[in-house]
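Each chain, letter by letter, is given below.
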Amino acid sequence: MSEITLPTQFGTITTDVVVIGGGIVGSATAFWLSKAGMKTILVEKRDALSSLTTAASVECFRTQFTEKAMADLSLTSVDMFENFNDVVGLPDIDIHITQRGYLFVTDDEAQLPDLKKAVTQYHANGVTAAEYIGTSDLHKRFPFLAPQALGATFNIQDGWLSTHEATYGFAKGAADARFFMKTAVTGIQTDSRGVSAVETDKGTISTRVVVNCAGPYAGIIGSMAGLDMPLRTVKRQKAYIKTSHPDLPAQAPFTVDLVNHGYWRPEAGGLLCAWVDPDEPESPPSDELPTDWDFAAESIHRVSRLNPFLEKVSDNLKAEDVNVSAGQYVYTPDDKPVIGPSGEIDGFYLNCGYWCGVMMSPGAGRRIADLITGKMANKDNPLRYTRFAEGDFEKGDSFLK
Ligand SMILES: Cc1cc2nc3c(=O)[nH]c(=O)nc-3n(C[C@H](O)[C@H](O)[C@H](O)COP(=O)(O)OP(=O)(O)OC[C@H]3O[C@@H](n4cnc5c(N)ncnc54)[C@H](O)[C@@H]3O)c2cc1C
């Protein structure tokens, strides 16, 4: 059985592998490593798992990626979410998976060829359930959309889930792994063989393998091992709106306006809405991100354009019915995560660089375990960190990231 504890000072202990960070990515990583038979310790500086970026997310997953490397990882991950109880070996966990699709919609005629091209690429990537929906079908199937909506891409496989349950599901299913809460990594020791220990505020953990799953802090953890990682952290917010308004289409998919980057989805007791501001500047990694009150108003304004019901729903909103929260996306030079050995320090591995870490976490956790145990060769892994040094990368054209 795995163990989630608040350790007291432990002096020096030894393990096969240390996972740094207890978000959904770290928890999935610890799960797969312990399943591979490695003695695993996960260290988390906060007092609970799933309490930083993972808790700030809108908890969605999608398969609609034009980049094959992303589609492969997301298809594997969705399959694991769909079979979560069997994957983690726990019949009583409920991750509340809801598959109502992602709907990427536009009212800009000039964008329609891009949507059709994207769907062709999704199919080539194996995302065969994805479809292009033209104007008349669009309004029949999604009558809540504004009359000017012209076309969309859609895949019913996409959806959302409880990230808290998924993170704890991985942790509880993680065989003999130990999860140390309130344990902050303060340094990483190396010797001639590579990584030799992880220093924490509770003691030193001797190990030859470390996986950096520190979310927005991955660059800081990397620098402790001497790596200068090309990561950018950017604040992203979401607004929860509490409402039981009869005009809310409670069975709607996750709906994205491709013109103004506004998105929304139903959520228990109301809805979530947000927008991705392409001009939001970088901000340093932080646990204390200020939220803007006008973010909710701006999101409602943007989403209402193609989802006019939201204007009515938000007409008489009271301040206490709106909650804005924030976290950080992490971007790499090609907007795809890094999964694999650091290439510079033996035993120092990376599973970070995510703006989409929830949806990729199950597959990424298994991949990093396969790379560490030698089941997968790094050259066969398109998301290897060393792609940047090799110059083997390019930005893709997936919508909304
Ligand atoms: C508004 C918003 C909406 C989003 N929506 C989605 C979505 O719908 N779908 C999706 O896939 N993604 C979404 N994301 C992104 C997603 O939330 C992240 O990619 C994902 O949560 C990353 O998980 P993680 O485990 O890597 O990071 P985190 O959850 O941040 O976990 C990293 C952990 O490392 C710990 N840590 C850091 N430094 C140390 C240290 N020195 N010692 C010990 N522990 C340390 C931190 O305390 C933290 O708990 C969204 C993000 C935001 C902000």
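Definitions and limits used
Residues numbered from 1 in each chain as written. Predicted model: local features only at pLDDT ≥ 70, side-chain atom pairs only at ≥ 80, totals over all residues. Helix = DSSP H or I, 4+ residues; strand = E, 2+ residues; numbered from the N terminus. Rg over C-alpha atoms; globule rule 2.2 N^0.38 Å. Buried ≥ 20, exposed ≤ 12 C-beta atoms within 10 Å, placed from the backbone. Contact = placed C-beta atoms within 7 Å. Core = buried A, V, L, I, M, F, W, Y, C linked by C-beta atoms within 7 Å. Domains from an automatic or database assignment. Nonpolar A, V, L, I, M, F, W, Y, C, P; charged D, E, K, R; others polar. Axes fitted to C-alpha atoms, helices over the stretch in contact; angles between N-to-C directions. Left-handed = near helix turned anticlockwise from the far one by under 90°. Expected span 1.5 Å × (residues − 1). Pairing = 2+ DSSP bridges. Near = placed C-beta within 6 Å. Parallel < 35°, antiparallel > 145°, perpendicular 65-115°, else oblique.

Draft legend 1. Summary view of the overall build of the chain. Regarding its fold elements, the chain presents twelve helices and 21 strands. In terms of C-alpha radius of gyration, the chain reaches 21 Å, essentially the compact-globule figure of 21 Å for 401 residues. Considered along the principal axes of its C-alpha atoms, the chain spans approximately 65 × 45 × 45 Å. Burial analysis of the chain (401 residues in total) assigns 50% to the buried set. For the chain, the proportion of contacts with a sequence separation of at least 24, taken over those separated by at least 6, is 76%.

Draft legend 2. Main features of the nonpolar core. Val18, Val19, Ile20, Leu103, Val105, Val210 and Cys273 are the most contacted members of the largest nonpolar core, which has 116 residues in total. Both of domain 1 (3-59 + 164-231 + 333-390) and domain 2 (97-158 + 232-327) provide at least three residues apiece to this core. In this view, Val105 contacts Leu145, Ala149, Ala152, Thr255, Val256, Asp257, Leu258 and Leu306; residues no more than four positions away in its chain are not counted.

Draft legend 3. Representation of the domain arrangement of the chain in the model. Examined at the domain level, the chain breaks down into domain 1 (3-59 + 164-231 + 333-390) and domain 2 (97-158 + 232-327). Contact residues are listed per partner, giving nine residues for domain 1 and eleven residues for domain 2. Taken together, the residues that form the side of domain 1 that touches domain 2 break down as seven nonpolar, two polar and no charged.

Draft legend 4. The arrangement of the packing of helix 1 (residues 24-35) against helix 11 (residues 357-373) in detail. Where helix 1 meets helix 11, the closest approach of the two axes is 8 Å, and the angle between their N-to-C directions is 35°. The interaxial crossing formed by helix 1 with helix 11 has right-handed handedness. Between helix 1, through Ile24, Val25, Ala28, Thr29, Phe31, Trp32 and Leu33, and helix 11, the contact on the second element is made entirely by Gly357, Val358, Ser361, Pro362, Ala364, Gly365, Arg366, Ile368, Ala369 and Ile372. Residue composition of the contact of helix 1 with helix 11, grouped by class: twelve nonpolar, four polar and one charged.

Draft legend 5. Structural view of helix 1. The end-to-end C-alpha separation of helix 1 is 16 Å, in line with the 16 Å expected for twelve residues at 1.5 Å each. For helix 1, a buried count of eleven out of twelve residues is recorded, marking the element as mostly surrounded by other parts of the structure. One or two steps after helix 1, the chain reaches Gly37, where phi turns positive at roughly 95°.

Draft legend 6. Spotlight on the sheet that holds strand 10 (residues 178-180). Spatially, the seven strands line up as an open sheet ordered 1-10-4-3-14-21-20, and their pairing is mixed. Because the sheet does not close on itself, it has two edges, and the strands there are strand 1 (3-5) and strand 20 (338-341). When strand polarity is set aside, the average angle formed by the axes of neighbouring strands in this sheet is 15°. Of the strand pairs in this sheet, strand 14 (residues 209-212) and strand 21 (residues 348-352) are connected by three bridges, and their pairing is parallel. Its bridge partner being in strand 21, Val210 is matched across the sheet by Phe348.

Draft legend 7. Representation of the sheet that holds strand 18 (residues 270-275) in the model. An order of 7-8-6-16-17-18-15-19 is seen for the eight strands of this open sheet, with the pairing classed as mixed. The open sheet has two edge strands with one neighbour each: strand 7 (131-133) and strand 19 (322-331). On average, adjacent strands in this sheet sit at an angle of 20° to one another, irrespective of strand direction. Against the sheet, helix 5 (residues 112-124) contacts strand 6 (102-106), strand 7 and strand 8 (151-155), and its axis sits at roughly 20° relative to strand 8. Most of the contacts of helix 9 (residues 293-306) go to strand 18, to which it runs at about 95°, and overall it touches strand 6, strand 15 (232-242), strand 16 (254-257), strand 17 (262-267), strand 18 and strand 19.

Draft legend 8. Fine view of unusual backbone geometry. Positioned with a positive phi, His261 is a non-glycine residue whose angle comes to about 65°. Position of His261 relative to the elements: it lies in the loop between strand 16 and strand 17. Under the C-beta neighbour-count criterion, His261 is labelled partly exposed, with 17 such atoms within 10 Å. The backbone of Asp335 shows a phi angle near 65°, a positive value even though the residue is not glycine.

Draft legend 9. Layout of the site of the ligand. Lining the immediate surroundings of the ligand are 41 residues, of which Gly21, Gly23, Gly215, Gly327 and Gly357 lie closest. Of the residues belonging to the shell around the ligand, the class tally is 22 nonpolar, 13 polar and six charged. Three or more residues apiece are contributed to the shell around the ligand by two domains, here domain 1 (3-59 + 164-231 + 333-390) and domain 2 (97-158 + 232-327).

Draft legend 10. Examining the environment of Leu138 more closely. Inspection of the secondary structure assignment puts Leu138 in helix 6 (residues 135-141). The class of Leu138 is partly exposed, set by 19 C-beta atoms lying within 10 Å. Sequence spacing of Leu138 and Ala152 is 14 residues, and the spatial spacing of their C-alpha atoms is 7.3 Å. Not counting residues within four places of it along the chain, the set of residues in contact with Leu138 comprises Ile133, Leu145, Ala149, Gly151 and Ala152.

Draft legend 11. Inspection of the packing of helix 1 against helix 7 (residues 163-172) at higher detail. Two elements in contact, helix 1 and helix 7, have axes whose closest approach is 8 Å; the angle formed by their N-to-C orientations is 25°. Classified by the angle their axes make, helix 1 and helix 7 are roughly parallel. Helix 1 and helix 7 meet at a crossing whose hand is left-handed. Counting all contacts with helix 1, which are made through Ile24, Ser27, Ala28, Ala30 and Phe31, the residues of helix 7 involved are Thr163, Ala166, Thr167, Phe170 and Ala171. In terms of residue class, the contact of helix 1 with helix 7 is built from seven nonpolar, three polar and no charged.

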